[in-house]
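So you can see what is in the structure, the chains are spelled out below.
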Amino acid sequence: MSQTILYKKVSRESKPENTIVRVGSVEFGGLHPVLIAGPCTVESENQLMAIATGVKKSGAHMLRGGAFKPRSSPYAFQGMGIEGLKLLKKASAATGLPVVTEIMSSEDLPAFLEHDIDMLQIGSRNMQNFSLLKALSKVNKPILLKRGMSATVEEFLLAAEYLMHQGNNQVVLCERGIRTFEQSTRNILDLNSLALIRQLSHLPIIADPSHAAGRYDLVTPLAIAALGAGANGLIIEVHHEPEEALCDGKQSLTLGSFEKLMLCVNR
Ligand code: PEP
Ligand code: MN
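Just so you know, these numbers come straight off a predicted model, no measurement behind them.

Novice: I'd like to hear about the confidence of the model for the protein, residue by residue, with values.
Specialist: On average, the protein scores 97 in pLDDT, and the residues at 70 or more come to 99%. Averaged over each element, pLDDT in the protein is lowest for helix α1 (residues 3-6) (66) and highest for strand β8 (residues 171-175) (99).

Novice: Tell me what's going on with the packing of aromatic side chains, and back it up with residues and numbers.
Specialist: Under the criterion given, the structure shown has two aromatic pairs. Ring plane angle 35° and centroid distance 5.5 Å describe the contact between Phe 68 and Phe 112, whose orientation is recorded as tilted. Residue Phe 68 is located in the loop between β4 (62-64) and α3 (82-95), and its partner Phe 112 is located in helix α4 (residues 109-114); the two are separated by 44 residues in the primary sequence. Ring centres of Phe 130 and Tyr 162 lie 4.8 Å apart, and the angle between their planes is 40°; this geometry places the pair in the tilted category. With a gap of 32 residues between them, Phe 130 in helix α5 (residues 130-137) and Tyr 162 in helix α6 (residues 153-165) connect regions that are remote in the sequence.

Novice: Please provide a residue-by-residue account of helix α7 (residues 191-200), values included.
Specialist: Within α7 the residues assigned to the buried category are Ser 193, Leu 194, Ile 197 and Leu 200. Down the axis of α7, the buried set is contained in an arc of 140°. They therefore lie on one face. Turned more than 90 degrees from where α7 packs its buried face, Asn 192 and Gln 199 sit exposed. Of the residues that open α7, the one with a side-chain oxygen 3.2 Å from the backbone nitrogen of Asn 192 is Asp 190.

Novice: Which residues make up the site of ligand 1, and what are the values?
Specialist: Surrounding ligand 1, one finds Cys 40, Arg 64, Lys 69, Glu 102, Gln 121, Gly 123, Ser 124, Arg 125, Lys 146, Arg 176, His 211 and Glu 237. Gln 121 is positioned such that a nitrogen or oxygen atom in its side chain is 3.0 Å from an oxygen atom of ligand 1. Here His 211 contributes a side-chain N or O atom positioned 3.3 Å from an oxygen atom of ligand 1. For ligand 1, whose free accessible area comes to 300 Å², the fraction covered by protein is 96%.

Novice: Kindly report on the environment of Gln 199, identifying the contributing residues and their values.
Specialist: Here Gln 199 shows up in helix α7. Each C-alpha atom of the pair Gln 199 and Pro 242 lies 37 Å from the other, and the pair is 43 residues apart in sequence.

Novice: Would you mind going over the pattern of salt bridges in detail, with residue names and values included?
Specialist: Taken as a whole and judged by the stated rule, the model has eleven salt bridges. Measuring nitrogen to oxygen at the nearest pair gives 3.0 Å for the salt bridge that ties Glu 45 to Lys 90. A residue pair is termed long-range when its members are at least 10 positions apart, and Glu 45 in helix α2 (residues 45-58) and Lys 90 in helix α3 qualify at 45 residues. Overall, Glu 45 belongs to the partly exposed group, its relative accessible area being 33%. Sharing partners across several salt bridges, the network here consists of Arg 147, Glu 175 and Asp 190.

Calculation notes
- For every chain, the first residue of the written sequence is number 1, and numbering continues from 1 along that sequence.
- Naming scheme: in the order in which they are written, chains are lettered from A and ligands are numbered from 1.
- pLDDT decides what is reported in this predicted model: residues at 70 or higher carry local features, side-chain atom pairs at 80 or more are listed and counted, and totals for whole chains, interfaces and linings draw on all residues regardless.
- In computing side-chain properties, one takes all heavy atoms of the structure into account and sets aside hydrogens as well as water.
- Here pLDDT means the predictor's own confidence in every residue, given as a number from 0 to 100.
- A helix here means a DSSP run of H or I that spans at least four residues, while a strand means a run of E at least two residues long, and both kinds are numbered starting from the N terminus.
- Ring pairs are drawn from Phe, Tyr and Trp, using the six-membered ring of Trp, whenever the two centres fall within 6.5 Å, and their geometry is named by plane angle: stacked under 30 degrees, edge-to-face over 60, tilted for the rest.
- Only protein chains enter the area calculation, which uses a 1.4 Å probe; residues under 20% of their type maximum are buried, those over 50% are exposed, and those in between are partly exposed.
- Here, the arc refers to the directions that run from the helix axis to the C-beta atoms.
- Two N or O atoms count as a polar contact when they lie within 3.5 Å, although within protein this holds only if one can serve as hydrogen donor and the other as acceptor, and sequence-adjacent residues are included solely when both atoms are side-chain atoms.
- Being near a molecule or strand, for a residue, comes down to having at least one heavy atom within 4 Å of it.
- To measure how exposed things are, a 1.4 Å probe is used in the Shrake-Rupley method; for residues, cover is taken only from the protein chains shown.
- Here a salt bridge means any side-chain nitrogen of Lys or Arg lying within 4 Å of a carboxyl oxygen belonging to Asp or Glu.

Below is the structure:
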């Protein structure tokens with residue numbers, strides 16, 4: 001099957017020029033990489049404020065933080081839910097950083113809209129949740145679509161096609177690492193996909209070296225490699241006290257390490 005039939009909306013053939021996705025004054029797909037930073041999970045007002053003000057000071061453009069968490073175990077912390085959305089908006093108002101947070105079910109969409117969440121994240125585990133993709137296709141909100149951990153590039157782009165199918169043109173892709181035979185790190189950051197998708201699609205694509213590496217000490221080199229391969233931005237997990245984090249502390253940068261990462265990427 002030829003590419004033009006596979007992808008009607010996401011392909012470069014359908015739209016040769018790069019798409020710019022705007023979230024407030026932040027522009028994905030423009031001249032400069034977008035830096036999103038924040039905790040894996042919103043844990044408390046104090047935690048979120050400490051991290052949000054810290055990453056803002058280092059020059060981050062957007063704040064991340066999960067309120068509805070897709071945890072592998074039902075016994076793990078599931079997130080603060082709507083209370084977490086409220087805290088994200090509070091931190092956004094205090095810092096001026098727009099927020100991105102994961103939506104796991106279309107049932108929760110009214111709450112995300114009511115709290116005016118700036119950008120909705122579709123997580124790796126939901127990349128092929130077609131009813132969620134269809135629901136978000138009709139919403140006038142920018143979407144951050146993460147690659148499924150075992151999804152091919154074609155399946156990834158077809159998931160984006162679902163989002164665009166009923167009118168949502170504000171789609172940013174995110175390469176977050178895939179599963180392979182290699183077990184020495186959490187996932188493998190697929191740099192090939194970054195370079196390839198920049199060719200195949202007009203949509204912006206960012207990288208998540210935190211979930212790819214699974215360990216903090218590999219995050220900065222992978223972040224630099226991702227930008228070299230063509231990523232339009234990065235999403236980085238940062239915690240003011242990684243050892244105390246309720247989720248993904250091992251892969252979270254301290255505020256100090258994030259500041260250094262910002263110096264590297266701005267060089
Ligand atoms: C996250 O961003 O915290 C997350 C759960 O990511 P992923 O869906 O890529 O695993
Ligand atoms: Mn995480």
